[in-house]
Amino acid sequence: MDRSLLLRCYLSKSMFIDTCLFYFREFPRQIVATLLLLLLAGAVESIGAVSIVPLLSALIDGNASNPLMKNIEMVFSHFDVVPSLTNVLVIICAAMVGRAVIFLLAYKQVGYVEAEVATRLRTRLLGGLLRANWSYYIKQPAGKLTYALSTESTLAGRGLRILALALSHIIQAVVYLGVASFFSWQIVLAGIACGSLMMFSLNFLIKRIRAAGLKQTNALNAMNAIFTDALAGVKPLKVMNVERLLVGHIEDQSEQFKEAARKSAMGMGLMSSIQEPFTTVLVAGGLYVGYVLMKIDAALILVMAFYFHRILSRVSSFQQTMQNYGILEGNLISLIGKINEINSQSECRTGKKSVDFQSEVGLRDVSLSYGDRDVLRNFNLSVPMNRITALCGPSGVGKTTTIDLIVGLVRPDEGEVLVDGVPLSDLDMNAWREQIGYVPQEVFLFNDTIRMNITLGRDVEDEEVWRAVDAAGARDFVETSEGGLDGFVGEQGRALSGGQRQRLMIARAVIARPRLLVLDEATSGLDEKTEKSILDSIVRLKDNMAVLIVSHQQAVRTIADEVIVYNGQKRELEG
Ligand SMILES: Nc1ncnc2c1ncn2[C@@H]1O[C@H](COP(=O)(O)OP(=O)(O)OP(=O)(O)O)[C@@H](O)[C@H]1O
């Protein structure tokens, strides 16, 4: 989403309501239960709040005989309780303990929902990403996504806890207003007027902090994206001694982050330093008006001041909590934006037909362009079962794109991809991809064991793992490496040689017994001997599958049953 648009939406009240509604829609039952618990805690608190009146009154009056006290005595006698000091103290303590216990239950509930929100958002983002179409997926900065999966989702969950806290402050303010209404309508009016004055006059600070919160989230997203890219390819940067250039790249973002952090810290500091004198001035003004100008009874004035102060302090706690929410809210907004965007980019999978690949997969009169650039024009290709088909040609001619078409990551603009004569668009894409083994150009290994890298965590018998290891010609090095199948490969397989990494990738590709094996430049960069032994392994595989190899390497042509050379204009058969 456009940043300024996001900022405008963000600052609007409807965005705040949207985030609240998001939480509510996700967990209606738990949120209603939390609300009820908070209300109950408020009701219990009101018992303590009422009980405090006789105490204050007695302290002020000594004989506790003023008209206010008479009303309270009536309430106490209604419940057959003598308003003695001991009874009053017991009731206040019991009410406070009761309130604390109920709050604890409410926050236990909130804690559960907080963790669930984070998990749900993570799952949705990940699910959306896995369903996203390829052209969208490759443009996404990995750092932003990992930041969303780890930090944003956690903070978005925490936002709910902060909202519950804000709500509890408002409920308490309302409870005090309610209790105060038994004694004096003046306090109720003054409480509402001064509370609203405080809310509206300091609201600009909350807006400032919310805007700063969103800017911080954006800057962190951008910094994370740069860091992740840099960490993935730090070796050449280190070797050429240009790591410092990275600092330049993130300087702009870190300046923005610093500026936003400074603004939110300033806003929060301003808010807390204004609130205290603001409340004191209002209470002092109220005391003056009530006691000096309106000549209200001293005991009643003290009770009024007590409630008035409680109401205003709850309002100021509410505002402080909303400040904290303002900083966290940016994470939820950013995350919901990402999830919505990703969901709108889902792969189109309308085909339903089951697939049992038996004979050949190919392209018929396929044309494809990326923007203005024509990559393939009326291209035809056939990859038959039990044969090795090599696709060769100069760099950038469209070899990887051809693979992407066959595996369904990219759709042709014209023409068709056919599997046993059936258009790929009619087939169940999941079922089709389950029949494919794929070895990409770039090494992709987890910093985990050899076993995990081959099985990808599936529960596979050792025997099957060794079959895949043998098929990839990797037994020698797996048997001799420390830990065998359970030995670790290091970050991106850095504890292995290039050839060993490629073999592991081949073992991974064949473990599920695919019907089509696709290798995209899988032997590039290897020495002749290693390349030959990997190609020998591939030759042994072709009895049970169709093999498509994309390569520049001359050696690949020697093992292929058919070599197709494509130069961007026309395709030729070799051999
Ligand atoms: N997702 C994409 N968006 C835009 N252009 C793309 C995309 N993928 C590939 N291209 C362009 O399409 C052309 C063909 O790319 P492709 O990767 O298929 O070439 P290739 O023959 O496999 O090259 P190489 O042998 O160097 O790997 C290139 O000009 C490339 O820039």
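Just so it is clear, the model here is predicted, and its values are computed rather than measured.

Calculation criteria
Residues numbered from 1 in each chain as written. Predicted model: local features only at pLDDT ≥ 70, side-chain atom pairs only at ≥ 80, totals over all residues. Heavy atoms only, no water. Helix = DSSP H or I, 4+ residues; strand = E, 2+ residues; numbered from the N terminus. Buried < 20%, exposed > 50% of the residue type's maximum accessible area, 1.4 Å probe, protein only. Contact = heavy atoms within 4.5 Å. Areas by Shrake-Rupley, 256 points an atom, 1.4 Å probe, with all protein chains shown as cover. Domains from an automatic or database assignment. UniProt positions renumbered as here; feature names shortened; annotations may be inferred. Pairing = 2+ DSSP bridges. Expected span 1.5 Å × (residues − 1). Bend = angle between axes of the 7 residues up to and from the residue. Patch = residues over 30% accessible without salt bridge, like charges linked within 9 Å, V, L, I, M, F, W, Y side chains within 5 Å. Salt bridge = Lys/Arg side-chain N within 4 Å of Asp/Glu carboxyl O. Axes fitted to C-alpha atoms, helices over the stretch in contact; angles between N-to-C directions.

Across its full length, the chain holds 19 helices and 10 strands. With 575 residues in all, the chain has 46% of them scored as buried. Long-range contacts, defined as pairs at least 24 residues apart, comprise 80% of the intrachain contacts of the chain with a sequence gap of at least 6. Accessible surface for the chain amounts to roughly 28400 Å². Of this, 60% is attributable to carbon and sulfur atoms.

Next up on the list: the domain arrangement of the chain. Partitioning the chain into domains gives domain 1 (20-345) and domain 2 (360-574). For domain 1 versus domain 2, the distance between C-alpha centres works out to 54 Å.

Glancing now at the UniProt feature "transmembrane region" (unreviewed entry) in the chain. Summarizing the sequence annotation, UniProt attributes the feature "transmembrane region" (unreviewed entry) to residues 31-60, 84-107, 160-179, 185-206 and 281-308 in the numbering used throughout. Note that residues 160-179 is 100% helix and 0% strand, and that its end C-alpha atoms are spaced 28 Å apart. Between the C-alpha atoms that bound residues 185-206 there is a distance of 30 Å. The span itself is 100% helix and 0% strand.

Right, let's get into the pairing of strand β2 (residues 373-384). Bridge analysis of strand β1 (residues 360-370) against β2 gives 8 bridges, and the strand direction is antiparallel. From the neighbouring strand, L363 faces β2, where its bridge partner is L381. From the end of β1 to the start of β2, which pair antiparallel, there are 2 residues, and G371 there has a positive phi angle of about 60°.

Looking now at helix α11 (residues 298-343). Quick reminder: α-helices carry 3.6 residues per turn. Residues three or four places apart thus point the same way. For α11, spanning 46 residues, the distance from its first C-alpha to its last is 65 Å, which sits close to the expected 68 Å at 1.5 Å a residue. In α11, a bend of some 35° at I327 exceeds every other bend along the element. A large share of α11 lies buried, amounting to 33 of its 46 residues.

Side chains of I17, L21, F24, V32, L36 and L39 sit close together on the surface and give an oily, nonpolar patch of about 520 Å² of accessible area. When residues of the nonpolar patch are traced back to their parent elements, those giving at least two are α2 (13-26) and α3 (28-61). Inspection of the secondary structure puts F24 in helix α2. Residue F24 is classed as partly exposed on the basis of its relative accessible area of 34%.

The subject of this paragraph is the side chain of E26. Among the secondary structure elements, E26 is positioned in helix α2. Look at E26 and you get buried, because its relative accessible area is 16%.

Next up on the list: the sheet that holds strand β4 (residues 414-419). Within the open sheet, the 4 strands sit side by side as β2-β1-β4-β5. Their pairing is antiparallel. The open sheet has two free edges, formed respectively by β2 and β5 (422-423), since each of these has just one partner strand. The pairing of β4 with β5 spans 2 bridges and is antiparallel. What sits directly across from L418, in β5, is P423. Where helix α12 (residues 399-406) meets the sheet, it contacts β1, β2 and β4, and its direction lies at approximately 120° from that of β1.

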